[in-house]
Amino acid sequence: MIIDKNENTTLITQENASVIELVKKIETLYPKFKNNNIIVNLNTLKPIPLEQIIEFLQLSNKHRGAKHSFVIVNQGIDVDKTPDEIIIVPTLQEAYDIIEMEEMERDLGF
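Residues numbered from 1 in each chain as written. Predicted model: local features only at pLDDT ≥ 70, side-chain atom pairs only at ≥ 80, totals over all residues. Heavy atoms only, no water.

Looking at an unreviewed UniProt entry, the protein carries the name Ribonuclease Z, with the source organism given as Neotamlana sargassicola.

Written out as structure tokens, the structure is:
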């Protein structure tokens, strides 16, 4: 797991461990980046079954409930089959765009 902080966004890149192990590590380290937007880059792990993506649901809901963005990056996930509470995009650029849009919405009070 590689953690890269940039201003108010934390990028977490997973290279070889399973998604379940990654979720446990993020939960353990969560106090370090709970006040940042989080991008989880899973593009090095393919394919990822829907059951493993759902492992992020509780963490995503908790983080989004605290008025911060939580975005997963992976090209191989069918976003039509994932819960609406989990935001999944195919590229890092799209993840940063989502965060920028959500920050504007929060600033405007939406």
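A. The overall build of the protein, seen in detail. From N to C terminus, the protein includes four helices and five strands. Going residue by residue from the N terminus, the α and β elements of the protein occur as β-β-α-β-α-α-β-β-α. For 110 residues, the compact-globule formula gives about 13 Å, and the C-alpha radius of gyration of the protein, at 13 Å, lands near that figure. Considering only C-alpha atoms, the protein reaches an extent of 35 × 30 × 25 Å along its principal axes. Taking as baseline every contact in the protein between residues at least 6 positions apart, the subset at least 24 positions apart corresponds to 66%. (Helix = DSSP H or I, 4+ residues; strand = E, 2+ residues; numbered from the N terminus. Rg over C-alpha atoms; globule rule 2.2 N^0.38 Å. Contact = heavy atoms within 4.5 Å.)

B. View of the nonpolar core. In this structure, I26, V40, L42, F56 and I72 are the most contacted members of the largest nonpolar core, which totals 20 residues. Mapped onto this core, the elements with two or more residues apiece are α1 (19–33), β3 (37–41) and β4 (70–73). In terms of residue count, α1 provides more of this core than any other element does, six residues in total. The contacts of L42, once residues within four sequence positions are left out, are Q14, L22, I48, I53, F56, I72, V73 and N74. If you look at the next biggest cluster of nonpolar residues, it comprises nine residues, including L11, I39, A95 and I99. (Core = buried A, V, L, I, M, F, W, Y, C linked by side-chain atoms within 4.5 Å. Buried < 20%, exposed > 50% of the residue type's maximum accessible area, 1.4 Å probe, protein only.)

C. Expanded view of the pattern of salt bridges. Within the structure shown, the criterion is met by two salt bridges. The partner of R64 in a salt bridge is E102, with the nearest N and O atoms 3.0 Å apart. In this pair, R64 sits in helix α3 (residues 57–65) while E102 sits in helix α4 (residues 92–108), placing the two residues 38 residues apart along the sequence. Since its relative accessible area comes to 10%, E102 is described here as buried. Of the charged contacts in the structure, one is a salt bridge between R106 and E102, with a shortest N-O distance of 4.0 Å. Here R106 and its partner E102 are both found in helix α4, four residues apart, which amounts to about one turn of the helix. One continuous salt-bridge network, built from bridges that share partners, spans R64, E102 and R106. (Salt bridge = Lys/Arg side-chain N within 4 Å of Asp/Glu carboxyl O.)

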